[in-house]
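# Fold and geometry: a report
Listed below, chain by chain, are the residues.
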2 protein chains.
Amino acid sequence: MTESVLDYMTRLGRAAREASRVIARASTAQKNRALLAAASALDCARAELTEANAKDLAAGRENGLEPAMLDRLALTPARIDAMIEGLRQVATLPDPIGAIRDLSYRPSGIQVGKMRVPLGVVGIIYESRPNVTIDAASLCLKSGNATILRGGSEAIHSNRAVAACIQRGLAAADLPAAVVQVVETTDRAAVGALITMPEFVDVIVPRGGKGLIERVSRDARVPVIKHLDGICHVYVDALAELAKAQKIAFNAKTYRYGICGAMETLLVHQSVAADFLPAMAAQFAEKGVELRGCERTRNLIAANPATEEDWATEYLAAILSIRIVDDLDQAIEHINHYGSHHTDSIVTEHQGHARRFMAEVDSSSVMLNTPTCFADGFEYGLGAEIGISTDKLHARGPVGLEGLTCEKYVVVGDGQLRGQNA
Amino acid sequence: MTESVLDYMTRLGRAAREASRVIARASTAQKNRALLAAASALDCARAELTEANAKDLAAGRENGLEPAMLDRLALTPARIDAMIEGLRQVATLPDPIGAIRDLSYRPSGIQVGKMRVPLGVVGIIYESRPNVTIDAASLCLKSGNATILRGGSEAIHSNRAVAACIQRGLAAADLPAAVVQVVETTDRAAVGALITMPEFVDVIVPRGGKGLIERVSRDARVPVIKHLDGICHVYVDALAELAKAQKIAFNAKTYRYGICGAMETLLVHQSVAADFLPAMAAQFAEKGVELRGCERTRNLIAANPATEEDWATEYLAAILSIRIVDDLDQAIEHINHYGSHHTDSIVTEHQGHARRFMAEVDSSSVMLNTPTCFADGFEYGLGAEIGISTDKLHARGPVGLEGLTCEKYVVVGDGQLRGQNA
């Protein structure tokens, strides 16, 4: 490549902006045709995909990638099936674009309402999983956005092979190739360029480790839909049914340790702690979960001491911190102070306590009598998710198709003039 | 003041964060009580307000402030009336906080919905108009947010006097004083601190000139709800009723030259230009509007030549640029290229043309057969507005109470567990 990385990215950006006008006005049928054709293309290209992926895996092994990283990189037949299924599922989702709501008359005689439209161009920056290429491209396409995808250099051959299938899908639906572009250079300057082109890129979605997300957020001059920690709490209230609470807390921690909705801290009201904690601790011990408790907790059960740092840690592992709190106020205060504003749950049968917890806990999902591990776009009925936002502006919580759109005002008149209709 | 500006702003920020928890859970009645009590306090404090304002005006004259700036600074009896009326009106608006929508069952048995909640702490940075103190504080208070207000140093005495009335309102409703704080220092470092405290401030709303907004947007490490240019267009389509089009275009330009919704460029389809432009130009000439036209326009009417720069200029004055376009596509392309994504209108009776214009013009308001000067929170029925956003994320177009809130997910179960309900 003789052009500079900046020139190359500018070219991609300009092409994406142009393509965004076309995909924004594409019909639902046309977008679905592209998704289904891409699914078929993936199905026909299993051999190429496996071959390209083998190159990445070989290079990864040579470069000493960790086994967990190699695992994420692998495009197994099951993962190819899942990508194909994902595309077909996105095709079945309702198209959010163009919907007009609340169009109503104003005293001046004009009608004012809101129309849902695409954001424009979405930049996705992700790490080793090549299947993100399909997840992200399909959601952006269905929501009428053009996409620039920047995957990790360790997955470059796989990402190119997947992108070629998407291109076949776009061509089959007569959509421009620039609707979905994969950054072909592995130069890290490409990321710097992508996140500082507000004229060509409307929003950046970083998907990956905390380091990546912090770096992107710090340097971006484009809005970022991001998700940092998931330090999630279950609070067992004085008026909880303890058998239910135990099941909920156990599920919240052990459904999967590595998901962002996993419970990291269990808060227990002092009045039920002695009844609740021994059986709960026994169940966790049997499962091999390490417990770290406050002083009062350790008076009741065997646990390592929890430090200040524990309350602010996302373990993503078989470790749980436990604190006994004086009352509901202290529970809410603990969550708002130490939590990450992701997902927190109260277990109680008391309507007033539930109402206060739901209103006052400042998190993207607040839950009642259900485990935090339910925080997920599929479980919430979004059909698919591009991430879980812990920001407050624009999208909060699991982000599906709607999070990739915005609303503009539509105003319809028939010659009404301002200041002359009274 | 012996503490540093940074320490001072941190103290304000921490107090605002604490107060935000209280105002977030305040009842509608309590918030309205504070608004109405602040209105009464203003009414009783007319003498103090006038006296404080006189100090600012005297200092302004001494410092050689321009007459337009002095005018904006003046708290006339009519403006005090308007502030009082504004507070009373915000008290009558529906309270958006706590509303839960779309709470519905998922296959797992959990119910998922969304609850509207305050953003938290809103920082407002504004220039010489002291009445912004009331506008901003009242909207933030009603939407359950704590506010930090940083007005211009030239209005410091007026802002303090207005803030004292708000404090009386808060006290009357038993709300903490830190729900609305006015930055007491005129040190410019205070702005720098305010826009870089994401731990204490959730969003910044700059209100003022383009210089202020650009500076704030560039340096902020907190989301900004901003509005830069309003380069608004009216497009007269081939299938417009020309008499209606002339009235709409005239109103769009001349209702008020200085508002952001004023038309700056008139686009005319080539097939109607010869019929439309001469009478239109005569009406503008009579009003004293300077016309700047493209070459084809100047073949039909007297106008100065329009340069490339004209298409990208927000005049906010009695100047209008005019371009004849080949077709609807060129009109849409011109608007998306040169416009500011604020407000644009098509005049046509052709349903298909209207539908394409409304869908494809990428602006915060798209209009049909109505002048762009209708772009306004009151005209749209928001009750009041804190600004007009030309951003796409979060709030787009006129921003009222809802723009100062966000939605979080609420999830309600009765012991459902993930992965165990199939």
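For the structure itself, consult the block above.
Below you will find a few notes about this structure. None of the values given here were measured: they were computed from a predicted structure. (Residues numbered from 1 in each chain as written. Chains lettered and ligands numbered in written order. Predicted model: local features only at pLDDT ≥ 70, side-chain atom pairs only at ≥ 80, totals over all residues. Heavy atoms only, no water.)

Before going further, it helps to examine the sheet that holds strand S8 (residues 263-269) of chain B. Spatial strand order, S1(A)-S2(A)-S16(A)-S13(B)-S12(B)-S7(B)-S8(B)-S11(B)-S9(B)-S10(B): ten strands in an open sheet with mixed pairing. Of all the strands in the sheet, just strand S1 (100-105) of chain A together with strand S10 (304-305) of chain B have a single pairing partner and so form its edges. Relative to strand S13 (residues 365-368) of chain B, strand S16 (residues 405-412) of chain A runs parallel, the two sharing four bridges. Within S13 of chain B, the position partnered with Val410 of chain A by the bridge is Val366 of chain B. The strands touched by helix H10 (residues 242-254) of chain B are strand S7 (232-236), S8, strand S11 (319-325) and strand S12 (343-347) of chain B; relative to S8 of chain B, the strand with the most contacts, the crossing angle is about 160 degrees. (Pairing = 2+ DSSP bridges. Helix = DSSP H or I, 4+ residues; strand = E, 2+ residues; numbered from the N terminus. Contact = heavy atoms within 4.5 Å. Axes fitted to C-alpha atoms, helices over the stretch in contact; angles between N-to-C directions.)

The subject of this paragraph is the relation of the copies chain A and chain B. Superposing chain A onto chain B requires a rotation of 180 degrees together with a translation of 0.0 Å along the rotation axis, leaving an RMSD of 0.0 Å. The superposition operator between the copies reduces to a two-fold rotation axis. Relative to the rotation axis, the closest C-alpha in chain A is found at His394 of chain A, a distance of 1.9 Å. Taken as a fraction of all interface residues of chain A, those also at the interface in chain B reach 100%, which identifies the copy contact as same-surface. (Least-squares fit on C-alpha atoms with pLDDT ≥ 70 in both.)

A word on the side chain of Ser364 of chain B. Structurally, Ser364 of chain B is set in the loop between helix H15 (351-360) and S13. In this structure Ser364 of chain B comes out as buried when scored by relative accessible area, which is 0%. Here the side chain of Ser364 of chain B touches His342 of chain B through a polar contact of 2.8 Å, landing on its backbone oxygen. Apart from the residues within four sequence positions on either side, Ser364 of chain B is in contact with Lys408 and Tyr409 of chain A together with His341, His342, Ser389, Arg396 and Gly397 of chain B. (Buried < 20%, exposed > 50% of the residue type's maximum accessible area, 1.4 Å probe, protein only. Polar contact = N/O pair within 3.5 Å; in protein donor to acceptor, adjacent residues only side chain to side chain.)

This part is about the sheet that holds strand S7 (residues 232-236) of chain A. The sheet built from ten strands is open, its strands ordered S10(A)-S9(A)-S11(A)-S8(A)-S7(A)-S12(A)-S13(A)-S16(B)-S2(B)-S1(B) with mixed pairing. At either end of the open sheet lies a strand with only one pairing partner, and these are strand S10 (304-305) of chain A together with strand S1 (100-105) of chain B. Strands in contact with helix H14 (residues 328-338) of chain A are S7, strand S8 (263-269), strand S11 (319-325) and strand S12 (343-347) of chain A; relative to S8 of chain A, the strand with the most contacts, it is inclined by about 165 degrees.

At the interface, 67 residues of chain A touch 67 residues of chain B. Counting each side, the surface lost to burial between chain A and chain B is near 5,500 Å², with a carbon and sulfur contribution of 55%. A per-residue breakdown of the area chain A buries against chain B is headed by Leu393, Tyr409 and Arg418 of chain A, which together make up 17% of the total. Summed over the shared surface of chain A and chain B, the result is twelve salt bridges. Asp362 of chain A serves as the salt-bridge partner of Arg21 of chain B, at 3.7 Å between the closest nitrogen and oxygen. Put simply, the parts of the chain that give the side of chain A that touches chain B at least two residues each are strand S2 (111-118), helix H10 (242-254), helix H15 (351-360), strand S13 (365-368), strand S15 (397-399) and S16 of chain A. Looking at the side of chain A that touches chain B element by element, the count peaks at seven residues for S16 of chain A. Here the side of chain A that touches chain B is composed, by residue class, of 31 nonpolar, 17 polar and 19 charged. (Buried area = accessible area lost by both parts, 1.4 Å probe. Salt bridge = Lys/Arg side-chain N within 4 Å of Asp/Glu carboxyl O. Nonpolar A, V, L, I, M, F, W, Y, C, P; charged D, E, K, R; others polar.)

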